[in-house]
Amino acid sequence: MELHDLFPAPGSTKERKRVGRGPGSGKGKTCGRGQDGQGSRAGGTKGPGFEGGQLPLYMRLPKLGGFTNINRQEYAVVNVGRLEELFEAGDVVTPDSLAAKGAVKSTGGVPKLPVKILGNGELTKALKVSVDKISASAGEKIKKAGGTVE
């Protein structure tokens, strides 16, 4: 097979529509564009978003997208219910131990973010918790279960 043997599959190509070639062609005079109006003119389409002169939607919507605080501190959050599942009574809960058990994302066993303990769930084991931040409700639950918070 050579390059000159290649041709498109049957039905995959169409002949170009030749307009303005007399009344016998079926596309003479107005060339299939009708009589008058925007669509009959060259360049007669106004592009995406044009709404006939009405103020377009993209211009009616609010422009500014809010505010991003550059000093915001992100935390990896762990609930006390998750501590109940992962640790035994008397264990020490640290960011490294949470990373080792897969409770927070880590790189090389070190958590990517500071860890915060939240109070969702129940805790019945006495744990020694030493993390970056603890919510008030989580601190109460840990102390109520007989644990300590650092």
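It should be emphasised that the depicted structure is a prediction, and the values quoted were computed from it without experimental measurement. (Residues numbered from 1 in each chain as written. Predicted model: local features only at pLDDT ≥ 70, side-chain atom pairs only at ≥ 80, totals over all residues. Heavy atoms only, no water.)

*Asks:* For the pattern of salt bridges, give the residues involved together with the corresponding values.
*Replies:* Between side chains of opposite charge, a pair can form when the charged atoms approach closely. Following the criterion strictly, the structure yields 4 salt bridges and no others. Across the pair Glu51 and Arg60 runs a salt bridge whose closest N-O atoms are separated by 3.1 Å. Using a relative accessible area of 31% as the deciding quantity, one classes Glu51 as partly exposed. What makes Arg60 partly exposed here is its relative accessible area of 43%. Note that Arg82 is salt-bridged to Glu85, the shortest N-O span being 3.1 Å. Here the residue Arg82 and the residue Glu85 both occupy positions in helix H2 (residues 80–86), the gap between them amounting to 3 residues, near one helical turn. Given a relative accessible area of 34%, Arg82 falls into the partly exposed group. (Salt bridge = Lys/Arg side-chain N within 4 Å of Asp/Glu carboxyl O. Buried < 20%, exposed > 50% of the residue type's maximum accessible area, 1.4 Å probe, protein only. Helix = DSSP H or I, 4+ residues; strand = E, 2+ residues; numbered from the N terminus.)

*Asks:* Just give me the short version of the nonpolar core, but keep the residues and values in it.
*Replies:* The biggest cluster of nonpolar side chains holds 20 residues, and the ones touching the most others in it are Val78, Leu83, Leu98 and Ile117. At the level of secondary structure, the elements contributing two or more residues to this core comprise strand E1 (76–79), H2, helix H3 (95–100), strand E5 (115–118) and helix H4 (136–144). Counting residues per element, this core draws most heavily on H2, at 3 residues. The residues contacting Leu83, other than those within four sequence positions of it, are Val78, Val93, Leu98, Ile117 and Leu127. (Core = buried A, V, L, I, M, F, W, Y, C linked by side-chain atoms within 4.5 Å. Contact = heavy atoms within 4.5 Å.)

*Asks:* Which residues make up the environment of Gly146, and what values do they have?
*Replies:* With respect to the helices and strands, Gly146 occurs in the loop between H4 and strand E8 (148–149). Look at Gly146 and you get exposed, because its relative accessible area is 53%. A sequence separation of 22 residues divides Gly146 from Thr124, and the C-alpha atoms of the two residues are 8.4 Å apart.

*Asks:* Please set out a nonpolar patch on the surface residue by residue, giving values where relevant.
*Replies:* Taken together, the side chains of Met1, Leu3 and Leu6 define a hydrophobic patch exposed on the protein surface, amounting to about 440 Å² of accessible area. Summarising the element assignment, Leu3 is placed in the segment before helix H1 (57–60). Since its relative accessible area comes to 75%, Leu3 is described here as exposed. (Patch = residues over 30% accessible without salt bridge, like charges linked within 9 Å, V, L, I, M, F, W, Y side chains within 5 Å. Areas by Shrake-Rupley, 256 points an atom, 1.4 Å probe, with all protein chains shown as cover.)

*Asks:* Report on H4, specifying residues and quantitative values.
*Replies:* All of the buried residues in H4 are Ala138, Gly139 and Ile142. Angularly, the buried residues of H4 cover 100 degrees about the axis, an arc narrow enough to put them on a single face. Looking at H4, the residues exposed on the side facing more than 90 degrees away from the buried face are Ala136, Glu140 and Lys144. The secondary structure elements touched by the buried residues of H4 are H2, E5, strand E6 (128–129), strand E7 (133–134) and E8. With its phi angle positive at about 100 degrees, Gly146 sits one or two positions after the end of H4. (Arc of directions from axis to C-beta.)

None of the figures reported here should be taken as evidence of function without further support.
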